4 protein chains.
Amino acid sequence: MNLAFIGLGNMGSAMARNLIEAGHRVTVYNRSRAKAEALGVAVRIAASPAEAVDACDAAITMLADDPAVLEVVTGESGIARALPAGSVHIGCSTISTALGRRLAAEHAARGQQYVSAPVFGRPDAAAAKKLLVVAAGDAAALERSQAVFEAIGRQTFVAGAEPWQANAVKVCGNFMIASMLESFGEANATLRKAGVDPHLFLDVMSTLFGSPVYANYGRIIADEKFTPAGFALRLGFKDCRLAIDTARECNAPMPIASLVHDRLLEAIALGMGEIDWSAIARVSALHAGLPV
Amino acid sequence: MNLAFIGLGNMGSAMARNLIEAGHRVTVYNRSRAKAEALGVAVRIAASPAEAVDACDAAITMLADDPAVLEVVTGESGIARALPAGSVHIGCSTISTALGRRLAAEHAARGQQYVSAPVFGRPDAAAAKKLLVVAAGDAAALERSQAVFEAIGRQTFVAGAEPWQANAVKVCGNFMIASMLESFGEANATLRKAGVDPHLFLDVMSTLFGSPVYANYGRIIADEKFTPAGFALRLGFKDCRLAIDTARECNAPMPIASLVHDRLLEAIALGMGEIDWSAIARVSALHAGLPV
Amino acid sequence: MNLAFIGLGNMGSAMARNLIEAGHRVTVYNRSRAKAEALGVAVRIAASPAEAVDACDAAITMLADDPAVLEVVTGESGIARALPAGSVHIGCSTISTALGRRLAAEHAARGQQYVSAPVFGRPDAAAAKKLLVVAAGDAAALERSQAVFEAIGRQTFVAGAEPWQANAVKVCGNFMIASMLESFGEANATLRKAGVDPHLFLDVMSTLFGSPVYANYGRIIADEKFTPAGFALRLGFKDCRLAIDTARECNAPMPIASLVHDRLLEAIALGMGEIDWSAIARVSALHAGLPV
Amino acid sequence: MNLAFIGLGNMGSAMARNLIEAGHRVTVYNRSRAKAEALGVAVRIAASPAEAVDACDAAITMLADDPAVLEVVTGESGIARALPAGSVHIGCSTISTALGRRLAAEHAARGQQYVSAPVFGRPDAAAAKKLLVVAAGDAAALERSQAVFEAIGRQTFVAGAEPWQANAVKVCGNFMIASMLESFGEANATLRKAGVDPHLFLDVMSTLFGSPVYANYGRIIADEKFTPAGFALRLGFKDCRLAIDTARECNAPMPIASLVHDRLLEAIALGMGEIDWSAIARVSALHAGLPV
């Protein structure tokens, strides 16, 4: 397929590479050109989002947040005005459900298709084609996007016919991880004060849950190694807000999301915005009077 | 070894069977004699806890809660007055850290040894010798208990030299599960209102966390099949209280534990005390105005 | 003074009347003209916000929420383009601190002055000139606004030199009331289940706190008379969001605000959005399994 | 009346003095005799609780907590074995509802009467006979206690026919104050970060609520003057636990009580147990990164 790929951060670059390797013709756009050039000669580099999507079958966006996506889509040289009719915009960014709905409407108004397809996985999973893709949208548009999903992930889940439903699943999934981190932090603080080695608890939990996610994050917490950040705390805070916003739209209270929101906000107030979001555990330690 | 085993509920019966199969001579005591007889001819049945521990090398207790354990240990025909000096009491029940300390003191005062060795796992795991044993106590006492641990579990973790430390780990571990259940319930309610199939979310989470615990509990929640109870909600509530009590002793606030406490209390107020504790998810559904 | 008054709801109408009675020349604008006509012959009725502020010394706005204020100020026939240089816009609505900052900037860019001056009090207090005015802005602008404050309220508090600071005080004040309502509701539910007459508790609390606010709201809760709504629950929910937004901007977590947010959201999910916001107490009653 | 008064802390001494002034014959007992002697020649000093109540018409207890009350009532030289049949024990301490029920049963078994009559007010209110008395128990016993209530307080409220109902009202009342302190602390932290003078907010709130309680506690918080402690934070924490225990007995979740519990526990972990309980506001300040 002729693909456009917009947003070459750590995640996007790895995904773009996999699309190239899968044999697609890929035109990329990134705000800073260096990231685009790093992809090598196989890609065409566009000077704007609009130029990138010109004549593509599908355009993939992988950007930091709502404002970035909105600008790339509806901005002056955005893709909405250039995407060929019948083409599909595959939005992989973690965005609000509200923006998911708006993008669907913007594209529909122009005879374009839109699917939300946020992904779970860190950059190393992206590089290894092991992302989990949660997609939602019109059946035909999903069908057209299938080759893209296969090239970037290990499994695709269809959340529904409305694109924003995939965004809802993504923010709820991130909420599940954040909740786990907070729980780990609370137990960790209590057990440190009980004189129990945090690594012992980590071992028990890894075995009990049988989950690599528990093992990996639990280790970071037990080691108190919050740098370098795998996922910056302020981004986790942003995602937590997205979960609360979704809960509000759905009239479905999520009290743990509120609690995690307040803990992450405290962490930011205390200067931890740029370290790994598992540093939410440090908040529990501070509240227990532990040295951090 | 000559073993006494006291408390033949679903967990205890399975553990006692495994000890017999491992070749130990086991004398059992249970309040209702029928459960003891169901273990077959290989066991000796005692008429009281005191009689059961007479001449044993180690006595294992597996009882419902603090009052039951206290009665069996310090009651009129309790084991404290009959356990041979040098013998070890292995407490496998989920009890408070406060009781863990008290038992250690009671036994020490009589020249007896005590280890706390609570276990993770449901009755089927107990039957399959797959429990996780978290043990704490004096090194020599742990050494003596090793054969027991090996006969009942798949792995043993040593939490510290003070018996109550194992109890602290156990209540924190149960808290981790309770927290996960509440998170699942919140996400589930939001996504049901977003029109997303709960089983889709279950699939994504099972894959994302790669955890059988998430898969199993997530299925119960997605299916809304809270009976028969694998673990009754009112028992989960009791364990949640134990976590809060431990947190209080350690001066280490655990806000998710408080939140889960309040949700489970609500569930009990609404008549759900005897169904599976994953029914905490039903509380989130009710709060979102969903039919349950 | 020559005054423009925009927004003639229950609050605004009463405030406008008091300004007229105080001898000011008042031109009003309201979306539905009937409310304007109800003020009698003493007022001039404008066809748009822009027309209303033409030649005024000060323009007062009293509107429902951020979007309404934004439209009236920056909309096509908004006041920003018509307010004479040197005039002051006195914003009495309960708006976000973010909008407070934006309005200050919009007006400053046009050589106009802006003060935020939200008020505490219900319509009967407005009618009786008993509002509390919390004002913030440039000292000269506050000085010019003094006659307006005196005509509508019983006391004026100056929150700072930045208009949004008054908005911060207002949302925190409403948060204090919401928190009190939630506390009342929790205690009320527990005591009803304890068989204690809610009116007895109301009497004790009214006497203990010596506060008419406790007496009035406590009575509504004890009587369970949530209609007609003195202040609709969905508006209280909006204000609670404003408090959380302010907390987020300030990096200062407010966990009771989060808790109240979730309770009000539940109330809305259960269909209570239009009854009095003290119906937050009904949520506690429901959680305790009480009939409501 | 012939009265026994047991427990001469700051509150008890003031109450005993007022009973003497009202013309009653008072025999006192206090663990440290110096406090008893400080009451002057008008009192008889007993060597034990049992001796104090010998031949009295009513015995008043005003002690620190459940264990102290239990010892004074059921201990070896406790009042239960010495109180004349037909006499009434008036328990003014802030105790658990569970203990309230137990005391009722203990006394009933001996043909004695018991009323719970906890009081609201600080030592200065006690000295000025301005306590609020919340009493519950058998109508005849309340009738007999009337003269005592009149001598110590400005108003008496009858909570019900079961003594523990008065204890329920008392712990809920203290919860209302604690909740107010936490709210004040949250708003205060946010507004400090917004650059608003805390005393300005205090003024607005005092005026808005028209409550001396808000004015007094608000001043302590705005001044950050948490010593000397009017009421030690660790005692406030104890009372918060009592509220949670009552809520648990009644199957009525009180989430703000849980939240306040965790904040006070944090304060204790950080070494604030002995300063005034309004220092709960300091926790919010710390979480916002403010200097304290």
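Small disclaimer: the values here were computed from a predicted structure and weren't measured.

Please set out the overall build of chain A residue by residue, giving values where relevant.
Regarding its fold elements, chain A presents 13 helices and 9 strands. Relative to the globule expectation of 19 Å for 292 residues, the C-alpha radius of gyration of chain A, 20 Å, shows essentially globular dimensions. The dimensions of chain A, computed from C-alpha atoms along their principal axes, are 65 × 45 × 35 Å. Scored against the burial criterion, the 292 residues of chain A give a buried share of 62%.

Account for the interface of chain B and chain C, with residues named and values stated.
Each partner contributes residues to the interface: chain B has 6 residues there, and chain C has 6 residues. When grouped by side-chain class, the residues that make up the side of chain B that touches chain C number 3 nonpolar, 2 polar and 1 charged.

Describe the packing of helix 8 (residues 163–193) of chain B against helix 11 (residues 233–249) of chain B, naming the residues involved and giving the relevant values.
Residue and element names in this part refer to chain B. The geometry of helix 8 relative to helix 11 is characterised by a closest axis approach of 9 Å and an angle of 125° between their N-to-C directions. Taken together, the axes of helix 8 and helix 11 lie oblique to each other. In this structure, helix 8 crosses over helix 11, and the sense of that crossing is left-handed. Judged by residue contacts, Ala168, Val171, Cys172, Asn174, Phe175 and Ala178 of helix 8 engage Gly236, Asp239, Cys240, Leu242, Ala243 and Thr246 from helix 11. Taken together, the residues of the contact of helix 8 with helix 11 break down into 8 nonpolar, 3 polar and 1 charged.

Summarise the domain arrangement of chain A; cite the residues concerned and give the values.
Residue and element names in this part refer to chain A. Here the domain parsing of chain A yields domain 1 (2–161) and domain 2 (168–287). Domain 1 and domain 2 are separated by 29 Å when their C-alpha centres are compared. With 10 residues of domain 1 at the interface, the matching set in domain 2 holds 11 residues. Grouping the amino acids of the side of domain 1 that touches domain 2 by side-chain chemistry returns 5 nonpolar, 3 polar and 2 charged.

With reference to specific residues and values, describe the pairing of strand 6 (residues 113–116) of chain B.
All names here are of chain B. Of the two faces of strand 6, the one lined by Gln113 and Val115 and the one lined by Tyr114 and Ser116 are each fully buried. Strand direction decides the pairing type here: strand 5 (residues 88–91) and strand 6, joined by 4 bridges, are parallel. Considered in strand 6, the bridge of valine 88 is made with glutamine 113. Note on the crossover from strand 5 through helix 5 (residues 97–109) to strand 6: the handedness is right-handed.

Residues and numbers for the relation of the copies chain B and chain A, please.
Superposition record for chain B on chain A: RMSD 0.0 Å, screw rotation 180°, translation along axis 0.0 Å. Expressed as a symmetry operation, the mapping of one chain copy onto the other fits a two-fold axis. The C-alpha atom lying nearest the rotation axis in chain B is that of serine 211 of chain B; the distance is 2.3 Å.

I'd like a description of the interface of chain B and chain A, backed by residues and values.
Taken together, the contact pairs 53 residues of chain B with 53 residues of chain A. Partitioned by chemical class, the residues of the side of chain B that touches chain A number 34 nonpolar, 15 polar and 4 charged.

Give me the lowdown on the relation of the copies chain B and chain C, citing residues and values where you can.
Mapping chain B onto chain C calls for a screw motion: a turn of 180° about the axis and a shift of 0.0 Å along it, with 0.0 Å RMSD after fitting. A share of 100% of the interface residues of chain B reappears at the interface of chain C, consistent with the copies meeting face to face through the same patch.

Pulling in residues and values, what's your account of helix 7 (residues 139–152) of chain C?
Residue and element names in this part refer to chain C. An ideal rise of 1.5 Å per residue puts 20 Å on 14 residues; helix 7 measures up with 20 Å between its terminal C-alpha atoms. Serine 145 marks where helix 7 bends most, by close to 45°. Among all positions of helix 7, only Ala141, Leu142, Arg144, Ser145, Val148, Phe149, Ala151 and Ile152 are buried. Considering only its buried residues, helix 7 is in contact with helix 1 (10–21), strand 4 (58–61), strand 5 (88–91), strand 6 (113–116), strand 8 (131–136) and strand 9 (153–160).

Give a description of the packing of helix 1 (residues 10–21) of chain D against helix 7 (residues 139–152) of chain D that names residues and reports values.
Between two packed helices, both the angle of their axes relative to each other and the distance between the axes serve to describe the pair. Residue and element names in this part refer to chain D. Between helix 1 and helix 7, whose axes approach to 8 Å, the crossing angle comes to 110°. When the axes of helix 1 and helix 7 are compared, the pair comes out roughly perpendicular. Between helix 1 and helix 7 the crossing geometry is right-handed. Residues Met15, Asn18 and Leu19 of helix 1 touch helix 7, and the partners they reach there are Val148, Ala151 and Ile152.

Any details on the pairing of strand 1 (residues 2–6) of chain D? Residues and values, ideally.
All names here are of chain D. For strand 1, a buried count of 4 out of 5 residues is recorded, marking the element as mostly surrounded by other parts of the structure. With 5 bridges joining them, strand 1 and strand 2 (residues 25–29) adopt parallel strand pairing. In the strand pairing of strand 2, alanine 4 is matched with threonine 27. In the classification by handedness, the crossover that spans strand 1, the intervening helix 1 and the parallel strand 2 is right-handed. Pairing between strand 1 and strand 4 (residues 58–61): 4 bridges, direction parallel. Of the residues in strand 4, the one forming a bridge with phenylalanine 5 is isoleucine 60.

Lay out the environment of glutamate 224 of chain C in plain terms, naming residues and giving numbers.
Tracing the chain through its elements places glutamate 224 of chain C in the loop between helix 10 (212–223) and helix 11 (233–249). Along the chain, glutamate 224 of chain C and threonine 156 of chain C lie 68 residues apart, while their C-alpha atoms are 34 Å from each other.

Explain helix 4 (residues 66–74) of chain A to me, using residue names and the numbers behind them.
Residues and elements named next belong to chain A. For helix 4, the full list of buried residues reads Val69, Val72 and Val73. Viewed along the axis of helix 4, the buried residues span an arc of 95°, placing them on a single side of the element. Check the buried side of helix 4 and you find it contacts strand 1 (2–6), helix 3 (49–53), strand 4 (58–61), strand 5 (88–91) and helix 5 (97–109).

I'd like to hear about unusual backbone geometry, residue by residue, with values.
A cis amide bond links threonine 227 of chain B to the next residue, proline 228 of chain B, at an omega of -5°. Unusually for a residue other than glycine, glutamate 224 of chain A sits at a positive phi of about 55°. The backbone of asparagine 251 of chain C shows a phi angle near 50°, a positive value even though the residue is not glycine. Tracing the backbone through its elements, the reader meets asparagine 251 of chain C in the loop between helix 11 and helix 12 (255–269).

Please set out the confidence of the model for chain A residue by residue, giving values where relevant.
Across chain A, the average pLDDT comes to 97, with 100% of residues at 70 or higher. Scored as a whole, the predicted complex attains pTM 0.97, and scored at its interfaces, ipTM 0.97.

Mind laying out the environment of arginine 154 of chain A, listing which residues take part and the relevant values?
Residue and element names in this part refer to chain A. You can see arginine 154 is positioned in strand 9 (residues 153–160). Given 15 C-beta atoms within a 10 Å radius, arginine 154 is considered partly exposed. For the pair arginine 154 and aspartate 138, spaced 16 residues apart in sequence, the C-alpha to C-alpha distance is 22 Å.

What counts as what
Residues numbered from 1 in each chain as written. Chains lettered and ligands numbered in written order. Predicted model: local features only at pLDDT ≥ 70, side-chain atom pairs only at ≥ 80, totals over all residues. Helix = DSSP H or I, 4+ residues; strand = E, 2+ residues; numbered from the N terminus. Rg over C-alpha atoms; globule rule 2.2 N^0.38 Å. Buried ≥ 20, exposed ≤ 12 C-beta atoms within 10 Å, placed from the backbone. Contact = placed C-beta atoms within 7 Å. Nonpolar A, V, L, I, M, F, W, Y, C, P; charged D, E, K, R; others polar. Axes fitted to C-alpha atoms, helices over the stretch in contact; angles between N-to-C directions. Parallel < 35°, antiparallel > 145°, perpendicular 65-115°, else oblique. Left-handed = near helix turned anticlockwise from the far one by under 90°. Domains from an automatic or database assignment. Pairing = 2+ DSSP bridges. Right-handed = clockwise from strand over helix to strand, strands pointing away. Least-squares fit on C-alpha atoms with pLDDT ≥ 70 in both. Expected span 1.5 Å × (residues − 1). Bend = angle between axes of the 7 residues up to and from the residue. Arc of directions from axis to C-beta. pLDDT = per-residue confidence, 0-100.

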